[in-house]
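# Tertiary structure, described
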Amino acid sequence: MILTMKDKKRANVISAIMDGKLKVEDAGRILGRSVRQVFRMLKRMREQGIEGLIHKNRGKQSPFRVKESIREKVIMLAKGKYRDVNDTHMKELLFKGEGIKIGRETLRTTLRGAGILPKQGKRKPKYRR
């Protein structure tokens, strides 16, 4: 368990309440929480210790994460079949042609992580007299 500075501050403030050095209302102002939330933190600190103050989803992977097999397939297609296509167009082609539904930003981060640079169209130079 690694504590961030925010977690340490929260633990110190809750400890100060337990020691009687700080009022719950003051702690709420310091932490930017309501009195009710501070009482909930105080209860969790008494029951579970410092671990009770840490968010329960910390360290867990998102349930909406794109599977690694799909990421590898997208990278393979980007290097082959769709190598001359920009990100937004590729997203559309993946959905229509391959049946892969992936967000544009997810696609972009996946491709940049694999070292595939963005495709930029060539603009016609502006005419000047």
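Residues numbered from 1 in each chain as written. Predicted model: local features only at pLDDT ≥ 70, side-chain atom pairs only at ≥ 80, totals over all residues. Heavy atoms only, no water.

## Digging into the packing of helix 4 (residues 68-79) against helix 6 (residues 104-113)
Viewed as axis vectors pointing N to C, helix 4 and helix 6 meet at an angle of 75 degrees, and their least axial separation amounts to 10 Å. The orientation of helix 4 with respect to helix 6, classified from their angle, is roughly perpendicular. Touching Arg 71, Val 74, Ile 75 and Ala 78 of helix 4 are Thr 106, Leu 107, Thr 110 and Leu 111, all from helix 6. Split by residue class, the contact of helix 4 with helix 6 holds five nonpolar, two polar and one charged. (Axes fitted to C-alpha atoms, helices over the stretch in contact; angles between N-to-C directions. Helix = DSSP H or I, 4+ residues; strand = E, 2+ residues; numbered from the N terminus. Parallel < 35°, antiparallel > 145°, perpendicular 65-115°, else oblique. Contact = heavy atoms within 4.5 Å. Nonpolar A, V, L, I, M, F, W, Y, C, P; charged D, E, K, R; others polar.)

## Overview of the packing of helix 2 (residues 24-31) against helix 3 (residues 35-48)
Between helix 2 and helix 3, the least distance of the axes is 9 Å, while the angle of their chain directions is 100 degrees. For the element pair helix 2 / helix 3, the angle class is roughly perpendicular. Seen from helix 2, the contacting residues are Val 24, Glu 25, Ala 27, Gly 28 and Leu 31; seen from helix 3, they are Val 35, Val 38, Phe 39 and Met 41. Residues of the contact of helix 2 with helix 3, tallied by class, amount to seven nonpolar, one polar and one charged.

## Points about the side chain of Thr 110
Along the polypeptide, Thr 110 turns up in helix 6. A distance of 2.7 Å separates a polar atom in the side chain of Thr 110 from the backbone oxygen of Thr 106. If we ignore the near neighbours within four places in the chain, the residues touching Thr 110 are Arg 71 and Ile 75. (Polar contact = N/O pair within 3.5 Å; in protein donor to acceptor, adjacent residues only side chain to side chain.)

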